[in-house]
Amino acid sequence: MPFRIGYRTLKTAIGVGVAVAIAQMLNLDFYGSAAILALLCISTTKRDSVKASWYRIAACLIGLVVSSIVFSLIGYAPWALAVVLLLFIPIAVMWKVEEGIVTSAVIILHMYTAQEVTLSLIINELLLIMIGVGVALIMNAYMPSSERKLRHYHKEIEAHFKKIFFELAVYLRYGESDWDGKEIYETDELLKAGQNEALVNIHNHFLRYEDRYYYYFKMREKQFELLERLMPYISSIDQTYEQNVVLAGFLEELGAAISPANQVPYFLEKLEDIKKGFQKTNLPKTREEFEIRASLFYIMNELSEYLHIKDRLWNELDKKKL
């Protein structure tokens, strides 16, 4: 694996250095702890960074209060430190800030090492917390845009869908295909990656809880699940009939038209016309022809649902103004 310095690594390194520099400049005791706080509060998204900062601030304040009271009452001995943790940890869990327990242990050990509770020590610890958390929040104020990655996943998914539709049409038209099906696995991976990136994009905005890309990837995921259900039915058709060719042409046109644009009404109407045309043809003469005709009707019903999935997405996006 090649050596690489990522954006978050660079940001963390700079943040840690700045936090220590500020703490040293203010002549604070235990100035290295500001680096630990900054390191733990720099997260992958803005929203996660704020949560991590809140958990650690709250937990540190609880640890500061508990240790000050316990050490003042029963002194500074190893068993007194154990009593502090026995009280502190359940309180932190009760307040749902357990993520800050490890960080708070550092503050508690400062109190134990100092062997006294003074106003200057408490101010020192509060400043360490403010510097560490403050620097982390500043470093996380800017996050690189996900737009380029999201557009890439969007483009690749649509290209894979087009390929899948084309290959399904080939099988329907000729009853065989030399397609290796690699786009199936790749599409599944692209959908997962796209949804993860869309979630990161959402969490980098404090007032955004929904995202157009995320809805898009969820829609394609549902459509992809439907296409996977169709494949066994299409692969079971190994005879060429007029109906196969008609439906293959529909699949080719539908695949070629894959895009963000809403062409659902047109394709639903065309699919309905194909169904009506099938109903007007002569009844199957053999069991095999009957089974193929049944499979074709099932495929058409699933394709109708495929189109309705996108139609429902557009209606939902219009309501939410996304």
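Refer to the structure presented above.
Residues numbered from 1 in each chain as written. Predicted model: local features only at pLDDT ≥ 70, side-chain atom pairs only at ≥ 80, totals over all residues. Heavy atoms only, no water.

Caption draft 1: Fine view of the overall build of the protein. Check the secondary structure of the protein and you find twelve helices and zero strands. Reading the secondary structure of the protein in the N-to-C direction produces α-α-α-α-α-α-α-α-α-α-α-α. Referenced to the eigenvectors of the C-alpha coordinate spread, the extents of the protein come out at roughly 95 × 45 × 35 Å. Put simply, the protein has 322 residues, and 43% of those count as buried. Contacts in the protein between residues far apart in sequence, at least 24 positions, make up 76% of those at least 6 positions apart. Of the roughly 17,700 Å² of accessible surface on the protein, a fraction of 61% belongs to carbon and sulfur atoms. Charge centroids of the protein, computed over 35 positive and 38 negative side chains, lie 5 Å from each other. (Helix = DSSP H or I, 4+ residues; strand = E, 2+ residues; numbered from the N terminus. Buried < 20%, exposed > 50% of the residue type's maximum accessible area, 1.4 Å probe, protein only. Contact = heavy atoms within 4.5 Å. Areas by Shrake-Rupley, 256 points an atom, 1.4 Å probe, with all protein chains shown as cover. Lys, Arg positive; Asp, Glu negative; His and termini not counted. Charge placed at Lys NZ, Arg CZ, Asp CG, Glu CD.)

Caption draft 2: Geometry of a nonpolar patch on the surface. On the surface, a nonpolar cluster with roughly 530 Å² of combined accessible area is contributed by V65, I69, L73, I74 and W79. Of all the elements, helix α3 (residues 46-74) adds the most residues to the nonpolar patch, at four residues. The topology assignment puts V65 in helix α3. V65 gets classed as partly exposed once you look at its relative accessible area, which sits at 49%. (Patch = residues over 30% accessible without salt bridge, like charges linked within 9 Å, V, L, I, M, F, W, Y side chains within 5 Å. Salt bridge = Lys/Arg side-chain N within 4 Å of Asp/Glu carboxyl O.)

Caption draft 3: Main features of the packing of helix α2 (residues 32-41) against helix α5 (residues 101-114). For the pair α2 and α5, interaxial distance at closest approach is 10 Å and the crossing angle is 170°. In terms of axis orientation, α2 runs roughly antiparallel to α5. Where α2 crosses over α5, the handedness of that crossing is left-handed. Contact residues: α2 offers S33, I36, L37 and L40, while α5 offers T103, V106 and H110. (Axes fitted to C-alpha atoms, helices over the stretch in contact; angles between N-to-C directions. Parallel < 35°, antiparallel > 145°, perpendicular 65-115°, else oblique. Left-handed = near helix turned anticlockwise from the far one by under 90°.)

Caption draft 4: Structural detail: the environment of F161. Mapped onto the fold, F161 is located in helix α7 (residues 147-174). You can call F161 buried: its relative accessible area is 0%. Each C-alpha atom, one on F161 and one on K280, is 31 Å from the other, the two residues being 119 residues apart in sequence. Filtering out sequence-adjacent residues up to four positions away, F161 remains in contact with T187, R220, Q223, F224, L227, I258 and Y306.

Caption draft 5: A look at the side chain of E167. Here E167 shows up in helix α7. The exposure class of E167 is buried, given its relative accessible area of 8%.

Caption draft 6: Spatial organisation of the packing of aromatic side chains. Under the criterion given, the structure shown has nine aromatic pairs. An aromatic cluster is present here, built from F71, Y76 and Y112 joined pairwise through their rings. We note R220 situated over the ring of F161; from NZ or CZ to the ring centre the distance is 5.2 Å. (Phe/Tyr/Trp six-rings, centres within 6.5 Å; stacked < 30°, edge-to-face > 60°. Lys NZ or Arg CZ within 6 Å of the ring centre and 35° of its normal.)

Caption draft 7: Broad picture of helix α6 (residues 119-139). Helix length check: α6 (21 residues) gives 30 Å between terminal C-alpha atoms against 30 Å at 1.5 Å per residue, within 8%. Within the span of α6, buried status applies to L121, N124, E125, L128, I129, I131, G132, V133, V135 and A136. Where α6 is buried, its residues contact α1 (7-25), α2, α3 and α5. (Expected span 1.5 Å × (residues − 1).)

Caption draft 8: A look at the nonpolar core. Counting residues in each nonpolar core, the largest one holds 47 residues, and the members touching the most others are F165, F250, L303 and Y306. At the level of elements, α7, α8 (182-203), α9 (212-235), α10 (242-256), α11 (264-280) and α12 (287-320) are the ones that each hand at least two residues to this core. Residue contributions to this core peak at eleven residues, all from α9. Among the nonpolar cores identified, the runner-up in size contains 26 residues, and L37, C41, A58 and V70 belong to it. (Core = buried A, V, L, I, M, F, W, Y, C linked by side-chain atoms within 4.5 Å.)

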